[in-house]
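# Coordinate inspection notes
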Amino acid sequence: MNTQTPSELPLIDFNKEGASQSFFDSLRTFGFATLVNHPLDMVRVDRIYTSWRDYFAAGVGSQFVMDPKNQDGYVTLEQAESAKGQVLRDHKEYFQFYDWGRCPEHLKEDLSDHFQDCVRFSATLLQWVASHLPQKVAESLSMPLEEMIQESAQSMLRVLHYPPVPDGSALPRAAAHEDINLLTILPASDGPGLELQLQDGKWIEVVNRPSQVVVNIGDMLQEATGGYLRSTTHRVAATKTEDLRRGRMSLPLFLHPRPDVVLSDRYTANAYLQQRLKELDVI
Ligand SMILES: O=C(O)CCC(=O)C(=O)O
Ligand SMILES: [Fe+2]
């Protein structure tokens, strides 16, 4: 029997019979799954990239600077997080959008519509995950997975801009890290660079197809399933100079449970999040 992990992510058709099983298997093997024919509007995603690229280029007004208490708003290159254990900051700027949070009026409709679509889509994906968990793991959950996100004000959409990296510089775009949340919904970026780490330590490319959406497991889902579903280390690491000379946009939706949701004997979602934000030095 070949027990080696395959080295390429399968491309899963969201509407095909058996999609939920393929999705689950891919998450279990890679911590990542790639879907096509999904319900997200990719024309809108492209529009978001174009309008936000212009918005960042023009300079973000001080009224939108990130508020450390609420976490909504714009984070500058100088304030950007560094991945856990890293010294260098990631070379990125971003805007953290919550459905209750601040947003420039002319950019709000697309962002808000995309946010709502992602949350609806995620509920289906969480049902898919739940339907394939071994009984013992399913029974250990404090509540059904899709209930954990109902009425959650914590889910966050991040409009990310990685500016061109100067030739010869070693600035990381996004250094190796794991996501904190339950699931991350990542529609295709406008350029390559995303890589994930297999369990044997090898890095593989997450091929960037314009129509796809990538879904990955975050640490909270790992915690809630007692490690049955693992959150996978990933990074944005363009290696070609021509890619680094170009900026890059991406739009991850970090799906969070309500703060009071019990993830495990050790953590509520809120206790977990506060601990991780402290480690990242953002609070
Ligand atoms: O930009 C990307 O493609 C991925 C970003 C990412 O992993 C993150 O922001 O957590
Ligand atoms: Fe990530």
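Here's a quick rundown of the structure. Values in this document were obtained by computation on a predicted structure and should not be read as measured data. (Residues numbered from 1 in each chain as written. Chains lettered and ligands numbered in written order. Predicted model: local features only at pLDDT ≥ 70, side-chain atom pairs only at ≥ 80, totals over all residues. Heavy atoms only, no water.)

## Here's the deal with the state of the cysteines
Overall, the coordinates contain zero disulfides when judged by the stated rule. With no disulfide of its own, C103 lies 15 Å from the sulfur of C118, the closest cysteine sulfur. On the accessibility criterion, C103 (7% relative accessible area) is buried. Overall, the relative accessible area of 0% leaves C118 in the buried class. (Disulfide = S-S within 2.5 Å. Buried < 20%, exposed > 50% of the residue type's maximum accessible area, 1.4 Å probe, protein only.)

## Considerations on the coordination of the iron ion (ligand 2)
Perfect tetrahedral coordination of a metal by four donors corresponds to 109.5 degrees between them, and perfect octahedral coordination by six donors corresponds to 90 or 180 degrees. The protein atoms that coordinate the iron ion (ligand 2) are H177 (NE2), D179 (OD) and H234 (NE2), at distances spanning 2.1 to 2.2 Å. Motif for the iron ion (ligand 2), donor spacing along one chain: H-x1-D-x54-H. One end of the pair, D179, is in the loop between strand 6 (174-177) and strand 7 (183-187); the other, H234, is in strand 11 (residues 234-236), with 55 residues separating them in the sequence. Grouping residues by exposure puts D179 and H234 together as buried. (Donors = N, O, S within 2.8 Å, 3.2 Å for Na, K, Ca; no water. Helix = DSSP H or I, 4+ residues; strand = E, 2+ residues; numbered from the N terminus.)

## A word on the site of ligand 1
The environment of ligand 1 is formed by L160, Y162, H177, D179, L186, H234, V236, R248, S250, P252 and F254. The side chain of H234 places a nitrogen or oxygen atom 3.1 Å from an oxygen atom of ligand 1. Between an oxygen atom of ligand 1 and a side-chain N or O atom of S250, the distance comes to 2.7 Å. For ligand 1, whose unbound accessible area comes to 300 Å², protein coverage reaches 96%. Listing elements by their share of the shell around ligand 1, those giving two or more residues are strand 5 (156-162), strand 11 and strand 12 (248-250). In the shell around ligand 1, the residues fall into six nonpolar, three polar and two charged. (Near = heavy atom within 4 Å. Polar contact = N/O pair within 3.5 Å; in protein donor to acceptor, adjacent residues only side chain to side chain. Areas by Shrake-Rupley, 256 points an atom, 1.4 Å probe, with all protein chains shown as cover. Nonpolar A, V, L, I, M, F, W, Y, C, P; charged D, E, K, R; others polar.)

## Quick word on the pattern of salt bridges
All told, the structure shown has 13 salt bridges when counted by the stated rule. With a shortest N-O distance of 2.7 Å, D117 and R120 are connected by a salt bridge. With D117 and R120 both in helix 3 (residues 105-132) and three residues apart, the pair spans about one turn of that helix. The partner of R235 in a salt bridge is E195, with the nearest N and O atoms 2.8 Å apart. On the criterion of sequence distance, the pair formed by R235 in strand 11 and E195 in strand 8 (residues 194-197) is long-range, its members being 40 residues apart. (Salt bridge = Lys/Arg side-chain N within 4 Å of Asp/Glu carboxyl O.)

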